[in-house]
Every structure is written in structure tokens, then in C-alpha cells.
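Next come the chains, spelled out residue by residue.
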Amino acid sequence: MKKRIKTKIKTTATPYLFLFPCAALILVILIYPVLSGIINSFYNESLIRPVQPEFVGLDNYKSLLTDSMFLDALRRSVLWTLVILVFELFFGLLFAVLLNKDIYCKKLFRCLVLIPWIIPNAIAGIIWKWFLNESFGMMNYILKSIGIISHNLSWLSDEKLAAVSVVMVIIWKSIPFVAITLLAGIQAIPGDLYEAAKVDGARGSQCFRFVTIPMLKSIMLITSILTSIWNFNQLEIIQVVTKGGPGEATLSLPVYIYRLFMQTFQTSYASAAAVIMMLVLIVPCIVYVKKLLKE
Amino acid sequence: MKKRFVSMFLCAALSIGMFGAMSYEAKAEETVEIQFLHTAWVPAQLEILERAIADFEEKNPGIKIIETRSSWTDAPSQIMTSIVSGTAPDLIMCNTSMLAEYRGIGAIADLSTLVPEELINSFLPSAKAMITTEDGKIDGLPQEGCNWALFYRKDLFEEAGLDPNKPPKTYDEFLEYAKALTKDTDGDGVIDQYGYAWPVQAENASDYWVQFMQMCGADISTYDEGKWESRLSDETAIKGTQLMVDLVQTHKVTPDSVVDYDWEAVTNAFVSGEVAMMQNGAWVTGSVAEKGPDLDGKWGTAVMFDGPDNTVYRGYPNTFNILEASEHKEETWKFLDYFYNTPSDIEGLTIAGAFCNAAGGMLYSEDFIQYAKENYDEKLQPFLDEVDYCMIPPLDPSWQSLTSMYGNSTVQQMLMGSVSVDEGIHMLDEKLKEFHGE
């Protein structure tokens with residue numbers, strides 16, 4: 001009897017023991033900083049002010065809600081995430097469908113499509129910064145060569161074009177992940193479904209609309225949620241390409257928080273902004289987790 | 001038997017470990033460890049620094065210098081967080097913004113009683129200004145730094161009918177030249193050569209804006225009775241900012257794309273002939289020569305033109321500072337004292353800095369200037385001519401926060417015309433007052 005209880009305890013405890021190091025690590029490097037950040041957001045700590053931080057309740061949050069720079073950055077980040085999502089899904093699906101076809105050098109193209117995703121964000125930013133340079137950039141050279149523009153465009157020094165440029169770079173960076181994930185989804189669709197649709201007289205486009213798209217819905221949702229979270233959090237590319245400028249044209253929420261925290265050392269105010277950012281991101285996270293649990 | 005052997009082995013290992021730890025502790029008690037965080041990265045400079053450390057350690061066996069290398073990008077937050085968390089190094093290298101911030105929170109040790117008068121007097125005025133606090137205390141020693149001057153294209157001057165040997169000296173002359181140099185060279189109706197540019201998106205972008213304001217006599221931020229006060233809404237500050245914005249918006253002698261120029265982009269524009277005059281640092285003389293070998297003899301440098309009300313040259317050294325939290329201030333000072341009194345190190349740094357190599361090194365001492373004047377070429381002469389009159393940016397502890405959070409972007413907006421000078425400068429004035437708690 002005693003032995004059986006001992007074995008039972010051992011069996012029950014073993015998995016937890018294995019999980020413990022990982023859980024402890026998550027607790028230390030993830031949960032603790034998040035909790036510490038949340039607590040800090042209720043104080044008025046600023047590293048360049050030599051006074052003891054005081055508890056200020058929701059003051060930082062109230063200030064943020066009237067801070068036009070913060071609100072603009074938040075609005076910009078949400079809008080960009082949605083725009084990027086639409087384009088990455090469109091192009092991602094297009095590439096996925098093309099790469100699923102029996103084209104020449106299919107494997108090579110599948111590898112090539114991954115390149116933007118493989119390149120580190122900072123390197124990609126530097127490449128695009130030069131590519132979009134008004135005077136020496138390849139972008140203007142190419143557009144002029146094919147007669148689309150007659151004079152160089154200020155891709156990074158015009159407020160509207162700079163925003164377009166940054167969004168374009170992030171879309172370019174996101175497409176490979178979407179394409180490869182959707183390609184995997186397409187390959188998992190049973191061939192019988194297409195055969196049945198063809199027997200029923202469906203044309204190619206109808207097969208795509210009534211078989212491929214519905215079958216990809218689930219994977220598309222998960223991909224959209226994941227890439228939206230990543231894109232909303234995008235810091236490196238913007239920091240390297242425009243540093244949030246010109247003016248505040250490309251100042252996204254992560255860049256705003258980075259400036260607050262790392263350059264002006266307003267740690268409590270930055271923590272409050274980060275908490276709001278976390279709350280915004282929690283919405284897609286809940287959808288994602290629900291979806292996973294459902295499956 | 002096996003079990004006993006294992007336990008005996010473990011006991012022995014533990015005992016050896018304990019004795020080892022004790023003897024290490026005893027040794028650590030004897031040796032003072034100085035944590036030195038620096039941002040030197042040029043191999044020749046590093047070599048000098050390391051040799052100096054090795055020599056010092058050999059002569060002072062009880063002191064060990066532990067180096068931590070960082071970069072100018074990472075060091076500010078790295079040091080600030082270490083100060084707050086109580087793990088600050090003993091000795092650091094600072095630039096102007098770091099110095100102002102750390103000084104503002106009382107993190108830098110007062111060295112007034114340690115630095116000899118003679119040594120202070122050997123430094124240039126801007127270096128003395130950097131190491132002297134608002135209360136007149138000495139809290140650091142200057143090390144290599146840089147200053148900025150005017151670069152101009154002699155060939156484009158000639159094409160525009162200007163004398164290539166007479167760069168502008170006054171602001172009116174400068175504006176006249178800049179207008180003459182701004183033109184549509186290929187006749188397609190679009191301006192493709194501009195008179196003047198500067199790095200608006202550089203790491204130290206606000207320094208250029210400060211210079212325009214100082215040219216009109218602005219104080220920017222003043223220290224009075226223990227408090228900093230914003231003077232950004234003064235007429236002089238507004239006038240200086242307007243002067244800068246007018247170059248893009250009214251006179252159109254500076255391209256709109258200047259808002260995207262860092263020091264390298266403006267250098268490229270200068271080399272390609274898109275910009276005929278630029279303000280840039282001494283190290284750029286090397287970059288121009290490297291990027292445009294065909295331009296040999298077609299470009300020159302000059303002392304910065306005078307402002308409408310003031311002559312303002314930009315230039316300042318970075319500094320060595322001992323932190324207040326250091327428990328080994330005396331030993332750390334001993335190292336600095338050794339370093340500054342070892343001619344081979346100072347001379348070594350002079351050579352390693354090579355005045356205008358990648359680091360743009362210039363030692364802010366009279367001896368160095370004398371040495372440099374005798375050993376360097378004509379392109380560097382204007383930089384040397386400026387050094388005695390260089391001004392430093394405001395050492396207001398909140399200035400860096402203002403510029404990195406709001407200043408740089410607002411300056412860009414004013415240059416693009418999306419925010420008026422009046423609106424922009426008043427907003428910045430309010431923000432600076434907020435930071436000060438005025």
C-alpha cells in the first residue's frame with residue numbers, strides 16, 4: 001500500500017519536476033519583469049530625477065490618454081498593423097498558391113521566398129534604408145528607368161512616403177512566413193475535395209474560392225494573429241530605417257516606448273505605455289488561445 | 001566500498017574547494033578591483049589604453065583594472081541602469097549628454113581636491129567648461145573629442161563664379177554663396193544642387209540646432225540658484241531656430257531631404273555634388289577623401305562662418321569620470337593620475353587618435369594642439385583654428401531627454417514646414433519646463 005502511494009506520488013510529481021526549471025525561468029525572465037513593470041507604472045519614477053519615486057495611482061495612465069504623441073503612435077501602430085495584415089495575406093496567399101503549382105525550379109523558389117524572413121531585422125532595415133535613399137537608392141533608379149517617375153522621390157524624408165516605406169518594408173519581411181505557412185496549409189488539403197468539386201463542374205477559380213479558402217480559414221486566422229502581434233511590436237526596422245521620423249511620421253508605439261524608456265529614462269511613464277500596449281495585444285492573444293483550445 | 005570511496009572523494013573535493021575559496025577571498029581582499037567601462041573602439045586607441053592599464057597594474061600590484069567595453073549607443077542606458085541598481089562601475093567615459101544626466105542625479109564624484117591646478121590649466125576652454133560643474137567643482141578629465149567646421153566644394157564655387165579660396169566668413173556672405181550655389185544643373189526644372197546641408201538625423205542632431213540658436217545669442221537653458229530654467233522661448237532662441245528653418249523653407253538653399261541626413265548621408269551628398277557646403281566633424285575629412293578620390297584638390301575646409309550675432313564653433317571633448325558610488329575613488333584617481341602623467345600614453349593617444357581618423361580623436365590640451373598644428377595637413381587647420389573658441393552644448397540634465405523625445409522630431413517638423421517655428425519652439429519650451437519641474 002505504502003509502496004503504491006509512493007509510486008503514485010512519484011508518477012504525479014515527476015512531470016512537474018521536469019517542468020520546474022522551465023517554469024522558474026519563465027517566472028524570472030518573463031512574469032517578474034511584467035509584474036514589476038505593471039507595479040512601476042503606478043509610480044512616478046524617472047531615472048534622471050534624483051527623488052524617491054512616489055505612488056501616483058493612475059496618473060500616468062491619465063496623462064497618456066491626453067498625450068497626443070502617445071495617442072498618435074497608438075493609432076499609427078493599429079492602422080499599420082491592419083494595413084500590413086491585408087497586404088501580407090494577399091501576397092502570402094498568392095505566393096503560396098504559385099509555389100504549390102508545378103513550376104520550374106519549385107524548390108529553389110521556395111527557398112528564395114524565405115530570404116526576407118531569414119535576414120535579421122536590423123540588416124533588412126539597413127538594406128532598405130540604402131535602397132530607398134533619395135539620391136543614390138535603387139528604388140528611384142528602377143522607377144526612373146522604367147519611366148514610372150521622372151524625378152527622385154523622397155522615400156524617407158517625406159512624411160507620407162516615409163510611412164508608406166516603413167509599412168512596405170514590414171510587409172516585405174512578413175510575406176515569407178505567411179506564404180510558407182499557407183503553403184503548408186494548402187498541401188494539407190485532401191486532393192479528394194478538389195476532385196469532387198471538379199466532378200460537380202467547378203472551375204479552377206471556384207475550386208480556389210469554395211475549397212482552398214474555406215480549408216485555409218483556420219490556419220489563416222492563426223497566421224494573422226501571430227503576424228499582427230509581431231508587426232505591432234516591430235521596433236528594429238523602424239528604428240533603423242527612419243528612427244520614427246521624419247518628424248513623427250513613423251513613430252509607432254514601440255518606438256515611442258523605446259524613446260521614453262531608453263533615451264529619456266522616464267521608466268514609470270514608459271511602463272504605463274507598455275502596459276496599455278500589452279492590453280491592446282492581449283485581445284488577439286485571447287482569440288489565438290481560444291482558437292488553439294478549440295482545436 | 002564504492003560508496004565510501006565516492007564520499008571520501010566528495011569530501012576531499014569540497015575541502016579543496018573551500019580552501020581555494022578562502023585563499024581567493026584573502027587575495028581579493030588584498031587586491032582592489034576597479035571597474036572601468038569605456039567606449040574606446042579604435043584598435044590603436046585600445047592598444048594604448050590596454051598598455052597603460054598593464055603598466056599601471058605592474059607598478060601598482062594591489063590594484064586591478066577590470067575593463068568593460070561598450071558603445072556610445074549602449075553606454076548611456078547601461079551606465080544609468082547600473083547606477084540605479086547599485087552596480088555602477090568606478091570609472092566611465094562620458095559624452096556631453098551622459099555627463100549632464102549623471103551630474104544631474106549626483107552620480108559623479110567631485111574631483112576638485114584631486115585634480116591639480118596645473119593640469120586644469122593645460123586644457124582648452126571648452127574642455128574646462130565640460131569638467132566644471134555649475135557650482136564650480138571639477139568632476140572629470142577631458143579625453144579625446146572632436147569639433148566641427150565648414151566643408152566646401154571648390155569646383156562648385158568656381159562654377160558658380162565664387163572665389164574658391166574665399167569661403168564665407170559672415171552669415172550674409174554664407175547666405176549669398178548658398179543661393180548662388182543652389183541651382184538646376186541639368187535644366188530639367190528641378191533643383192539638383194543645393195548650397196548647404198547638415199546632419200539633421202545624426203545622433204547629436206540637436207547640437208546643430210543649438211549652434212543656430214547660439215549664433216543668435218540664445219542661452220537655451222540657464223542654471224540659477226540650484227535650478228535649471230528653460231530659455232527656449234527667448235527671442236534669441238526663436239530667431240536662431242527661424243534662421244535654421246529659413247534655409248529650407250524660405251531661401252530653399254538646403255534640400256527638403258536634409259531631415260533624413262545623418263553625417264554619412266550628408267557626406268555622400270557633398271561628394272556627389274548634390275550639396276556644395278556642409279557642416280561636419282573633423283573625422284569627415286578622411287571620409288570625403290576616401291569616398292571621393294577624384295575630388296582631390298576640389299574641396300576644402302574652413303572655419304565655420306559667423307552667426308548674425310555671435311561667432312559659434314562647436315567642439316568638445318568626452319570625459320573620464322569617477323562615479324560617486326565608487327568605493328575605490330582614491331585608487332581610481334591614482335590610475336587617472338598615472339595615465340595623465342605618463343607622456344607615452346598621452347603622446348600615444350595623440351598618435352592613435354591620429355587627429356581625424358575614424359574616431360575623430362583630438363585631445364583637448366594645449367600640447368596636443370601645438371603638436372597637431374606642426375604635424376597635420378591644411379584641411380585640418382580650420383579645425384585647429386576653432387578649438388580655442390569652441391562652445392559646448394547645454395549641460396542641462398534634462399536637455400538630452402527633451403531632444404531625444406521631442407526636440408529632434410520637432411526640429412524635423414519645423415524644417416519640413418508641418419509645424420511653425422513659433423508653435424514648435426513653444427511646445428519644446430513647455431516640455432523642458434515640465435522636465436525641470438518649473
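Residues numbered from 1 in each chain as written. Chains lettered and ligands numbered in written order. Predicted model: local features only at pLDDT ≥ 70, side-chain atom pairs only at ≥ 80, totals over all residues.

Student: I'd like to hear about the overall build of chain B, residue by residue, with values.
Tutor: Per the secondary structure count, chain B includes 18 helices and 11 strands. Counting all 438 residues of chain B, 48% fall into the buried class. Excluding contacts between residues fewer than 6 apart, the proportion of contacts in chain B whose partners are at least 24 apart in sequence is 75%. (Helix = DSSP H or I, 4+ residues; strand = E, 2+ residues; numbered from the N terminus. Buried ≥ 20, exposed ≤ 12 C-beta atoms within 10 Å, placed from the backbone. Contact = placed C-beta atoms within 7 Å.)

Student: Now, about the overall build of chain A: what can you tell me, with residues and values included?
Tutor: Regarding its fold elements, chain A presents 12 helices and 0 strands. In chain A, the order of α-helices and β-strands from amino to carboxyl end is α-α-α-α-α-α-α-α-α-α-α-α. Computed over the C-alpha atoms, the radius of gyration of chain A is 24 Å, more than 25% above the 19 Å expected from 2.2 N^0.38 for a compact globule of 295 residues. Viewed in the frame of its principal axes, chain A has a C-alpha envelope of about 80 × 70 × 30 Å. Across the 295 residues in chain A, those meeting the buried criterion constitute 31%. (Rg over C-alpha atoms; globule rule 2.2 N^0.38 Å.)

Student: Could you give me a rundown of the interface of chain B and chain A, with the residues and numbers involved?
Tutor: The accessible area lost on association of the parts is a frequent measure of interface size. At the junction of the two partners, chain B supplies 27 residues and chain A supplies 23 residues. Of all the secondary structure elements, the ones that give two or more residues to the side of chain B that touches chain A are α3 (75-84), α4 (96-104), α11 (263-272) and α17 (399-416) of chain B. Here the side of chain B that touches chain A takes 7 residues from α17 of chain B, the largest share from any one element. Tallied by class, the residues present in the side of chain B that touches chain A amount to 9 nonpolar, 14 polar and 4 charged. (Nonpolar A, V, L, I, M, F, W, Y, C, P; charged D, E, K, R; others polar.)

Student: Account for the nonpolar core, naming residues and giving values.
Tutor: Residues and elements named next belong to chain B. Core analysis: the biggest nonpolar cluster contains 120 residues, and A197, V266, V275 and M277 have the highest contact counts within it. Taken domain by domain, this core gets at least three of its residues from each of domain 1 (31-145 + 316-383) and domain 2 (147-314 + 393-436). Apart from residues lying up to four places away in sequence, A197 is in contact with T254, P255, V258, Y261, V266, A269, V275 and M278. (Core = buried A, V, L, I, M, F, W, Y, C linked by C-beta atoms within 7 Å. Domains from an automatic or database assignment.)

Student: Mind laying out the pairing of strand β7 (residues 227-230) of chain B, listing which residues take part and the relevant values?
Tutor: Residues and elements named next belong to chain B. Here β7 shows a buried face lined by W228 and S230 and an unburied face lined by K227 and E229. Two strands pair when backbone bridges link them, and strand β6 (residues 221-224) and β7 are joined in this way by 4 bridges, in the antiparallel orientation. Note that in β7 the partner of S221 across the bridge is S230. Counted between consecutive antiparallel strands, the loop separating β6 from β7 contains 2 residues, among which E225 sits at a positive phi close to 45 degrees. (Pairing = 2+ DSSP bridges.)

Student: I'd like to hear about the domain arrangement of chain B, residue by residue, with values.
Tutor: Residues and elements named next belong to chain B. Annotation of chain B at the domain level lists domain 1 (31-145 + 316-383) and domain 2 (147-314 + 393-436). Residue-level contacts link 18 residues of domain 1 with 18 residues of domain 2. Mapped by element, the contributors of at least two residues to the side of domain 1 that touches domain 2 are α4 and α16 (381-386). It is α4 that contributes the most residues to the side of domain 1 that touches domain 2, 7 residues altogether. The residue makeup of the side of domain 1 that touches domain 2, split by class, is 9 nonpolar, 5 polar and 4 charged.

Student: Give me the environment of D306 of chain B: which residues, what numbers.
Tutor: Residues and elements named next belong to chain B. Checked against the element boundaries, D306 lands in the loop between β9 (299-302) and β10 (313-322). D306 sits 199 residues away from A107 along the chain, and the two C-alpha atoms are 37 Å apart. The residues touching D306, leaving out its near neighbours within four places in the chain, are K169, T170, Y171 and T311.

Student: Any chance you could break down the packing of α17 of chain B against helix α18 (residues 421-436) of chain B for me, citing the residues and the numbers?
Tutor: Residues and elements named next belong to chain B. Two numbers describe how α17 lies on α18: the axes approach to 10 Å, and their chain directions differ by 175 degrees. In this view, α17 runs roughly antiparallel relative to α18, as classed from their interaxial angle. Contacts from S401, L402, Y406, G407, T410, Q413 and M414 in α17 reach V421, G424, M427, L428, K431, L432 and F435 in α18. In terms of residue class, the contact of α17 with α18 is built from 8 nonpolar, 5 polar and 1 charged. (Axes fitted to C-alpha atoms, helices over the stretch in contact; angles between N-to-C directions. Parallel < 35°, antiparallel > 145°, perpendicular 65-115°, else oblique.)

Student: Which residues make up the environment of A188 of chain A, and what values do they have?
Tutor: On the secondary structure map, A188 of chain A appears in the loop between α7 (159-187) and α8 (191-199). The exposure class assigned to A188 of chain A is exposed, which follows from the 10 C-beta atoms found within 10 Å.

Student: I'd love a proper account of the environment of S233 of chain B, names of residues and values included.
Tutor: Residue and element names in this part refer to chain B. In this fold, S233 is placed in the loop between β7 and α10 (235-249). With 104 residues separating them in the primary sequence, S233 and D337 have C-alpha atoms 43 Å apart. Contacts of S233, omitting those with residues within four sequence positions, involve I425, H426 and D429.

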